[in-house]
Amino acid sequence: MARTNPNIIVTGTPGVGKTTHAEQLARSLGFKHISVNQIVKDEGFHEGKDEETGSWIVDEEKLLDYLEETDLSALGGHILDWHACDLFPERWIDLVIVLRCDSTTLYDRLTARGYKGKKLEENMDSEIMQVLLDEAREGYREEIVVELRSDKVEDVDGNVERVEGWVEGWRRDNPKGREEDEGEGAKEGEGEGAKTLV
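What you see is a predicted model, and the numbers here were worked out from it, not measured in a lab.

### Let's talk about the packing of helix H1 (residues 18-29) against helix H8 (residues 153-173)
When two helices pack together, their arrangement is given by the angle between the helix axes and by the axis-to-axis distance.
And then number 1: With their axes 10 Å apart at the nearest point, H1 and H8 run at an angle of 45 degrees to one another. By the criterion of interaxial angle, the relationship of H1 to H8 is oblique. As for the relative orientation of H1 and H8, their crossing is right-handed in sense. Between H1 and H8, the residues in contact are Thr-20, His-21, Gln-24, Leu-25, Ser-28 and Leu-29 and Asp-155, Val-156, Asp-157, Asn-159, Val-160, Val-163, Glu-164, Val-167 and Arg-171, respectively.
And then number 2: For the contact of H1 with H8, the per-class residue count stands at 6 nonpolar, 5 polar and 4 charged.

### A few points about helix H7 (residues 131-139)
And then number 1: Taken residue by residue, H7 has Leu-132, Leu-133 and Ala-136 as its buried positions. Looking straight down H7, one finds that the buried residues subtend no more than 105 degrees of arc, so they occupy a single side.
And then number 2: On its buried side, H7 packs onto strand S6 (95-100), helix H6 (117-128) and strand S7 (145-149).

### Some thoughts on the pattern of salt bridges
For side chains bearing opposite charge, pairing can occur when the charged atoms are close.
And then number 1: This structure, assessed with the given rule, holds 12 salt bridges.
And then number 2: One salt bridge connects Asp-155 with Lys-152, and the closest N-O pair in it is separated by 3.8 Å.
And then number 3: Asp-155 sits in the buried class, given a relative accessible area of 16%.
And then number 4: A relative accessible area of 48% places Lys-152 in the partly exposed class.
And then number 5: Salt bridges sharing partners connect three or more residues here, namely Arg-100, Glu-127, Arg-137 and Glu-147.

### Considering the UniProt feature "binding site: ATP" (unreviewed entry) in the chain
And then number 1: UniProt feature "binding site: ATP" (unreviewed entry): in the numbering of this structure it lies at Gly-15, Gly-17, Lys-18, Thr-19, Thr-20, Arg-113 and Lys-152.
And then number 2: For Thr-20, the position within the fold is in helix H1.
And then number 3: Its relative accessible area of 39% is what places Thr-20 among the partly exposed residues.
And then number 4: Considering the arrangement of structural elements, one finds Arg-113 in the loop between helix H5 (103-112) and H6.

### Regarding the environment of Ala-112
And then number 1: Here Ala-112 lies in helix H5.
And then number 2: For Ala-112 and Gly-15, which are 97 residues apart along the polypeptide, the C-alpha to C-alpha distance reads 9.8 Å.

### Section: the nonpolar core
And then number 1: Counting 26 residues, the largest nonpolar core has Ile-8, Val-10, Leu-25, Ile-79, Ile-97 and Val-163 as its most contacted members.
And then number 2: Counting only elements with at least two residues in this core, the list comes to strand S1 (8-11), H1, S6, H5, H6, S7 and H8.
And then number 3: The element best represented in this core is H8, accounting for 6 residues.
And then number 4: The residues contacting Ile-79, other than those within four sequence positions of it, are Ile-8, Val-10, Ala-22, Leu-25, Ala-26, Phe-31, Lys-32, His-33 and Ile-34.

### Comments concerning the pairing of S6
And then number 1: By the criterion of burial, S6 is predominantly enclosed, with 6 of the 6 residues buried.
And then number 2: The alternating pattern of S6 places Leu-95, Ile-97 and Leu-99 and Val-96, Val-98 and Arg-100 on opposite faces, both of which are buried.
And then number 3: Here S1 runs beside S6; their pairing, made up of 4 bridges, is parallel. The partner of Ile-8 across the bridge, within S6, is Leu-95.
And then number 4: Note: S6 against S7, 5 bridges, orientation parallel. Considered in S7, the bridge of Ile-97 is made with Val-146.

Criteria and thresholds
Residues numbered from 1 in each chain as written. Predicted model: local features only at pLDDT ≥ 70, side-chain atom pairs only at ≥ 80, totals over all residues. Heavy atoms only, no water. Axes fitted to C-alpha atoms, helices over the stretch in contact; angles between N-to-C directions. Helix = DSSP H or I, 4+ residues; strand = E, 2+ residues; numbered from the N terminus. Parallel < 35°, antiparallel > 145°, perpendicular 65-115°, else oblique. Left-handed = near helix turned anticlockwise from the far one by under 90°. Contact = heavy atoms within 4.5 Å. Nonpolar A, V, L, I, M, F, W, Y, C, P; charged D, E, K, R; others polar. Buried < 20%, exposed > 50% of the residue type's maximum accessible area, 1.4 Å probe, protein only. Arc of directions from axis to C-beta. Salt bridge = Lys/Arg side-chain N within 4 Å of Asp/Glu carboxyl O. UniProt positions renumbered as here; feature names shortened; annotations may be inferred. Core = buried A, V, L, I, M, F, W, Y, C linked by side-chain atoms within 4.5 Å. Pairing = 2+ DSSP bridges.

Printed below as a string of structure tokens:
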């Protein structure tokens, strides 16, 4: 079955605005927002919390099996919201948005959430060293990975508009939909819509 809408990952370090972006995109596009962290908690796809950071130790196999059963790869129209992206099969995904944030702004956001010690340090280092951007670039074709700034509230509206334009381009380029395995491993031939975000 060909999916008639793209699947999009919104990823980035905690505090960069993933959920805010994902919720607004889902509303404006009529897509389904999938909070992966919430699924991990609700469905128990974890092995408890890391003692030092307080973060969930995710059972990725159970999580992927669960998501596979939702038919998200076949249906399209999903916004996946999570701090990692490279575990999702490329055949599921049409666009990877990596949100980035100024380190001073991010520090303020994370400390306001109560992050401290190792958890704060690891997340700040991850953003400064662009770990998630590098993972996205290593895990997916270059042309579907886009870095967007999320420093100010105004950035969200601008980013949502850019993604809306990209989705319009994807739909024009895929009038009959896109088969799940199309483009897997390919480095060229992705629709022109992807270039409008760069």
